[in-house]
Amino acid sequence: MEEAAGSEASFCLQKFTITDDSKDDYQYEEVPADDEFSLQEDDEDLSKALQTIQEQAEDAQILALQSVLTSKKSVSEVPEAMDDFFCNFLVRLGMSRTLDCFQTEWYELIQRGVFTAEDSGLVPTVYTRNQQLEAENMRLRKDSENYKLAANKAKEAFLKMQKERDFHRMHHKRVVQEKNRLICDIKRLKAHYASYEPVLKQLTEKYQATLRQKMLTSLERDRAVGQVTGLQATLQNLESGCAIQIPVTKAGHKCQRKKALEDPTQKALQEARQQKILDAESSSYDPVKDAAKKTGKRPKDSEFPVDTQVNPHLVCAKEYTQPLKSGEYKLSNIFKVHDLTVSCLALHPQKDIVVTGSDDHLWKMWALPDGNIIMTGEGHTDWLSGCCFHPSGTQLVTSSGDTTVQIWDFSKRGCILTLEGHARTVWDCSWRSCGDFVASASMDNTSKIWDVNSKRCRYTMCGHKDSVNSIEFLPFSNTVLTSSADKTLSLWDARMGLCVYTFYGHLHSCNHATFNMEGDTIASCDSSGVMKVWDIRKSVPILSVDAGPHSANQVVFDCSGCIVALASSDGSVKVLQLEFGQLSSLRGHGGEVHSIIFDHKAEQLLSGGADGTVCLWT
């Protein structure tokens, strides 16, 4: 069995595997079957085989060298040799001579074989680590210093911001304290002002009452002066043997008619007048001349007539006490008179002639009822706002947006006087019945009384808080009526330029106001379409009609005082019968209606609109 085993052992094949961790330095590589260097079966030359083996060995060496160069372990990670350490140390300290001595002696010892480079060993890693830590420590110190500098700067900025914050806090607190103090002062002033309001209201009422009493006293004085003058003239005529008629009888007759309505105050005034007359008869005192001397007026200034004249138109008005019903007014004719808006109308005091003013800067005179043009006036540089005939019918006054008032003479066919003094647009103008004075109302919150003879402004009436939109003289009186955008109406004494009374009641801008023929009633309208009728004696509205919401531009009484017509911005004419309170609308214009007027007999009604036409209603 053993022999058999030995014989078998001498011929067996043993498989040996070379692992990668073999101690042999040679690199064995597997030659693929299809390698181009493999021997061909039909080419078995020995020299070629040896050459091929040599080339493969060279390739293996090249691959081994590349593997060493591409090794993952970097050179910097190899521990430093001891001699290199000393050399680097001496170089770093700048000890060049010591370095030369060290290198000379070191290489001599190596050459003599005293020791080899391997015997010196490597520098321990702890030294290298210490150097790295020292370098890192230096870097961290520098960073720490930089951070300290940045922190100091941030601290300084923070302290500065804190100071600014404290300053603004103190400033805010001071402003809040001042605000609270101002609020307290305002509250205290409001309370103080509220305590004065009742006193101011009471003083205003006393002032108004005093003005009314003053006006009444002035009127009574003028009547007394007229009677004294008449009595003196009578005495002089009696002494000369020539007796004439004087107007004292009329005044006395008027007083007798109203004797039943006199109160104790009026009786006392009548007694005082009689006493003045008796005193005047027994003396040569001339109050008219003395009054003229005291006033010191200019020679050309006109005298205001006394309020003793009776309106002669009242006799004609009594003939037409039965007015037409509002439903009987129908559109009779339409005249195309201007290219632009017809802003104002005026009726000749004796003839059937109408003057129209327009936004085209012109006024035109027309004949009724055919509408033939008679005259055209050109001179204003802006739109016309108002026009009014002279009581004699020979002259015309116009107001315009160019801030002027112009007086035109028909015989001279041109403007004879331009009155300048208003700062803004002049809205309206009116003649006094005597023909010597003209009143104007302006957007500059004032109205003026102009003397035509002296060609100057006699009085500027200030009192309205907003634009004065209309102005009108009470016929044969020195009383003037104005309406204003401050929602009030005012009565003024033209002889002194003072406000006598103010009517309150409108809630919107008052556009127009007018007297009736008798002068005891006022009609007014405002921008919301509300029309009010006022009793002058009671100073209260007796009727209020809302014809809105469109603006009411002008209001007018007929000669009987029983019908009121209203020009509305909704393109219609409103006609109101005061007796029945019946309101009707007349439509014929293609736009807003700006002006309206009755003829002398209230049989015809004329209206001017924004479409440049005048409608004739009969």
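Refer to the structure printed above.
Summarised in this report is the structure supplied together with it. (Residues numbered from 1 in each chain as written. Predicted model: local features only at pLDDT ≥ 70, side-chain atom pairs only at ≥ 80, totals over all residues. Heavy atoms only, no water.)

Take unusual backbone geometry next. Here Leu368 and Pro369 are connected by a cis peptide whose omega angle stands at 0°. Position of Pro369 among the secondary structure elements: in the loop between β4 (362–367) and β5 (373–378). Put simply, Gly548 and Pro549 share a cis peptide bond, and its omega is 10°. In this fold, Pro549 is placed in the loop between β21 (540–546) and β22 (552–557). At Ala602, a position not held by glycine, the phi torsion is positive, near 60°. By the element assignment, Ala602 lies in the loop between β26 (593–598) and β27 (605–609). (Helix = DSSP H or I, 4+ residues; strand = E, 2+ residues; numbered from the N terminus.)

A sheet is described by the order of its strands in space; here 4 strands give the open sequence β1-β28-β27-β26, paired in antiparallel fashion. The open sheet is flanked by β1 (331–336) and β26, the only strands paired with a single partner. The mean angle between the axes of side-by-side strands here comes to 20°, regardless of whether they run parallel or antiparallel. With 5 bridges joining them, β26 and β27 adopt antiparallel strand pairing. By the bridge assignment for β27, Ser595 is matched with Gly608. (Pairing = 2+ DSSP bridges. Axes fitted to C-alpha atoms, helices over the stretch in contact; angles between N-to-C directions.)

Right, let's talk about the nonpolar core for a bit. Generally speaking, soluble globular proteins have nonpolar side chains that are buried together. Within the largest apolar cluster, 16 residues are counted, with the highest numbers of intra-cluster contacts made by Val573, Leu586, Ile596, Phe598, Leu605 and Trp617. For this core, the secondary structure elements donating two or more residues are β23 (563–568), β24 (572–577), β26 and β28 (613–617). The contacts of Leu605, once residues within four sequence positions are left out, are Tyr329, Ala565, Val573, Val575, Leu586, Ile596, Ile597, Phe598, Cys615, Leu616 and Trp617. Judged by nonpolar contacts, the second largest core, of 15 residues, contains Met215, Leu491, Tyr501 and Trp534. (Core = buried A, V, L, I, M, F, W, Y, C linked by side-chain atoms within 4.5 Å. Buried < 20%, exposed > 50% of the residue type's maximum accessible area, 1.4 Å probe, protein only. Contact = heavy atoms within 4.5 Å.)

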